[in-house]
Amino acid sequence: MRRKLVVGNWKMNGSLAALTEVSAIAEAARRTPGVDAAICTPATLIAPAVARSGGLPIGAQDVHHRESGAHTGDISASMLKEVGARLVIVGHSERRADHREEDSIVRAKAEAALAQGLQTIVCIGESAEEREAGRAASICTAQLAGSLPDDWRDAELVVAYEPIWAIGTGKVATCEDIGEIHAEIRRHLVGAYGERGGRIRILYGGSVKPDNAAAIFDTPDVDGALVGGCSLTADQFVPIIEAAGRG
Ligand code: PEP
């Protein structure tokens with residue numbers, strides 16, 4: 001039995017003033033004990049968010065694959081850990097697009113984060129053109145093959161399926177489409193890792209909202225959600241966490 005995991009991705013949003021939302025979300029998450037919740041803030045807010053989060057895990061949205069060195073502007077997994085981050089998102093489609101991150105670099109980042117004990121969420125997902133061409137499943141399995149580590153031991157590996165065309169657009173994949181891709185991801189994970197692959201949590205991401213969350217969480221092989229826009233305020237995020245608690 002996999003517990004539901006609901007992770008907020010604040011992207012390049014938020015401020016010190018907005019951390020009141022973290023406190024409110026943390027309080028609601030404590031009242032929903034059957035669900036794991038977390039928020040990935042901008043890097044500048046990780047330490048102050050940890051101080052306000054009352055134990056709600058706070059994470060980052062990216063990490064460099066090396067430990068230290070001449071990498072201006074980058075942050076390593078041990079640096080994230082030092083300021084209290086407990087998880088990290090890697091391979092988000094916005095990073096794949098904005099920073100030309102390919103599968104091999106996503107995989108190196110995942111390995112670095114896992115080795116530091118950070119719960120690591122590896123994102124995959126197809127574009128609208130790829131879906132229209134009937135290539136959604138093959139694109140996703142190719143991304144998994146290229147982005148996931150061969151092995152890991154120090155932390156939890158999580159996969160997030162985020163169809164690019166559904167992120168921040170208000171367009172949500174149907175539960176049938178989500179179920180098909182999640183089943184394909186599960187087959188890939190079991191093929192790659194055996195019984196351990198059956199325990200990896202698979203999140204859906206893409207315009208998850210309070211009014212569609214319950215149906216998404218009821219879909220087979222959906223173990224939670226990665227939530228962008230609706231994770232910025234307790235008003236919107238808490239109902240999603242509560243829906244996971246009922247799912
Ligand atoms: C995301 O940023 O990963 C995401 C799914 O965004 P949104 O929920 O806003 O579509």
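What counts, and at which threshold
- Residues numbered from 1 in each chain as written.
- Predicted model: local features only at pLDDT ≥ 70, side-chain atom pairs only at ≥ 80, totals over all residues.
- Heavy atoms only, no water.
- Near = heavy atom within 4 Å.
- Polar contact = N/O pair within 3.5 Å; in protein donor to acceptor, adjacent residues only side chain to side chain.
- Areas by Shrake-Rupley, 256 points an atom, 1.4 Å probe, with all protein chains shown as cover.
- Axes fitted to C-alpha atoms, helices over the stretch in contact; angles between N-to-C directions.
- Helix = DSSP H or I, 4+ residues; strand = E, 2+ residues; numbered from the N terminus.
- Parallel < 35°, antiparallel > 145°, perpendicular 65-115°, else oblique.
- Left-handed = near helix turned anticlockwise from the far one by under 90°.
- Contact = heavy atoms within 4.5 Å.
- Nonpolar A, V, L, I, M, F, W, Y, C, P; charged D, E, K, R; others polar.
- Pairing = 2+ DSSP bridges.
- 1 Å grid on protein atoms, 1.4 Å probe; cavity = no way out; pocket = protein on both sides within 12 Å on 5 of 7 lines; lining within 4 Å.
- Points joined across faces, edges and corners; volume = space filled by probe spheres on them.
- Salt bridge = Lys/Arg side-chain N within 4 Å of Asp/Glu carboxyl O.
- Buried < 20%, exposed > 50% of the residue type's maximum accessible area, 1.4 Å probe, protein only.
- Right-handed = clockwise from strand over helix to strand, strands pointing away.
- Core = buried A, V, L, I, M, F, W, Y, C linked by side-chain atoms within 4.5 Å.

A.B. asks: Account for the site of the ligand, naming residues and giving values.
C.D. replies: Every one of the 14 residues lining the ligand counts as a neighbour, but Lys11, Glu162, Gly168, Ser207 and Gly228 are closest to it. The contact in question runs from an oxygen atom of the ligand to an N or O atom on the side chain of Lys11, over 2.8 Å. Between the ligand and Gly228 there is a distance of 2.8 Å, counted from an oxygen atom to a backbone nitrogen or oxygen. Bound to the protein, the ligand loses 95% of the 290 Å² it would expose on its own.

A.B. asks: Now, about the packing of helix α1 (residues 19-30) against helix α10 (residues 234-246): what can you tell me, with residues and values included?
C.D. replies: Contact pair α1 / α10: the axes reach a minimum separation of 10 Å and the direction vectors enclose 20°. One element, α1, and the other, α10, form an angle in the roughly parallel class. For α1 against α10, the interelement crossing comes out right-handed. Note on element contacts: α10 touches α1 through Ala234, Phe237, Val238 and Ile241, opposite Glu21, Ala24, Ile25 and Ala28. When grouped by side-chain class, the residues that make up the contact of α1 with α10 number seven nonpolar, no polar and one charged.

A.B. asks: Talk me through the sheet that holds strand β5 (residues 119-124); I want residue IDs and the actual numbers.
C.D. replies: If you walk around this closed barrel you meet the eight strands as β1-β2-β3-β4-β5-β6-β7-β8, and the pairing is parallel. In this sheet, adjacent strand axes meet at a mean angle of 25° when their direction is disregarded. Sheet topology note: the strand β2 (residues 35-40)/strand β3 (residues 58-60) ladder contains two bridges and is parallel. By the bridge assignment, Ile39 is partnered in β3 with Ile58. Of the strands in this sheet, β5, β6 (157-161) and β7 (201-205) are in contact with helix α8 (residues 175-193), which crosses β7 at around 150°.

A.B. asks: Describe the layout of surface pockets, listing the residues and the values that go with them.
C.D. replies: Approximately 570 Å³ is the volume found for the largest pocket. Along the walls of the largest pocket sit 21 residues, with Pro42, Ala43, Gln61, Asp62 and Arg95 positioned nearest its centre. Ranked by residues supplied to the lining of the largest pocket, first place goes to helix α4 (residues 93-98) with three residues. Broken down by class, the residue content of the lining of the largest pocket amounts to eight nonpolar, seven polar and six charged. Every residue lining the second largest pocket is counted, 18 residues in all, and those nearest its centre are Val35, Asp36, Ala37, Leu56 and Pro57. Breaking the lining of the second largest pocket down by element, the ones donating at least two residues are α1 and β2.

A.B. asks: Outline the pattern of salt bridges, listing residues and values.
C.D. replies: Under the defined criterion, the tally for this structure stands at 22 salt bridges. With a closest N to O distance of 2.9 Å, Arg95 and Glu101 form a salt bridge. Among the residues examined, Arg95 registers a relative accessible area of 22% and is labelled partly exposed. Within the structure, one salt-bridge network assembled from shared partners comprises Arg2, Arg186, Asp221 and Asp223.

A.B. asks: Any details on the pairing of strand β4 (residues 87-90)? Residues and values, ideally.
C.D. replies: On β4, burial covers both faces: Leu87 and Ile89 on one face and Val88 and Val90 on the other are all buried. The pairing of β3 with β4 spans two bridges and is parallel. Within the sheet, the bridge partner assigned to Gly59 lies in β4 and is Leu87. With helix α3 (residues 77-82) bridging β3 and the parallel β4, this β-α-β connection has right-handed handedness. Pairing of β4 with β5, which is carried by four bridges, proceeds in the parallel orientation.

A.B. asks: Now, about unusual backbone geometry: what can you tell me, with residues and values included?
C.D. replies: For Lys11, which is not glycine, the phi torsion reads 50° and is therefore positive. Along the chain, the position of Lys11 falls in the loop between β1 (4-9) and α1. Located in the positive-phi region is Asp221, a residue other than glycine, with phi close to 70°.

A.B. asks: I'd like a rundown of the environment of Gln143, residues and numbers included.
C.D. replies: For Gln143, the location among the structural elements is in helix α7 (residues 136-147). A relative accessible area of 13% means that Gln143 is categorised as buried. Along the backbone, Gln143 and Val222 are 79 residues apart, and their C-alpha atoms lie at a distance of 19 Å.

A.B. asks: Which residues make up the nonpolar core, and what values go with them?
C.D. replies: Of all hydrophobic cores here, the largest spans 66 residues; its most connected members are Val6, Ile185, Tyr204 and Phe217. Here the element with the most residues in this core is α10; it accounts for seven residues. Contact partners of Tyr204, with chain neighbours within four places excluded, come to Tyr161, Pro163, Ala166, Val172, Ala173, Ile178, His182, Ile216, Val222, Gly224, Ala225 and Leu226. Formed by twelve residues, the second largest nonpolar core is a distinct cluster that contains Cys40, Leu87, Val158 and Leu203.

Interpretation in functional terms is not warranted from these geometric data alone.
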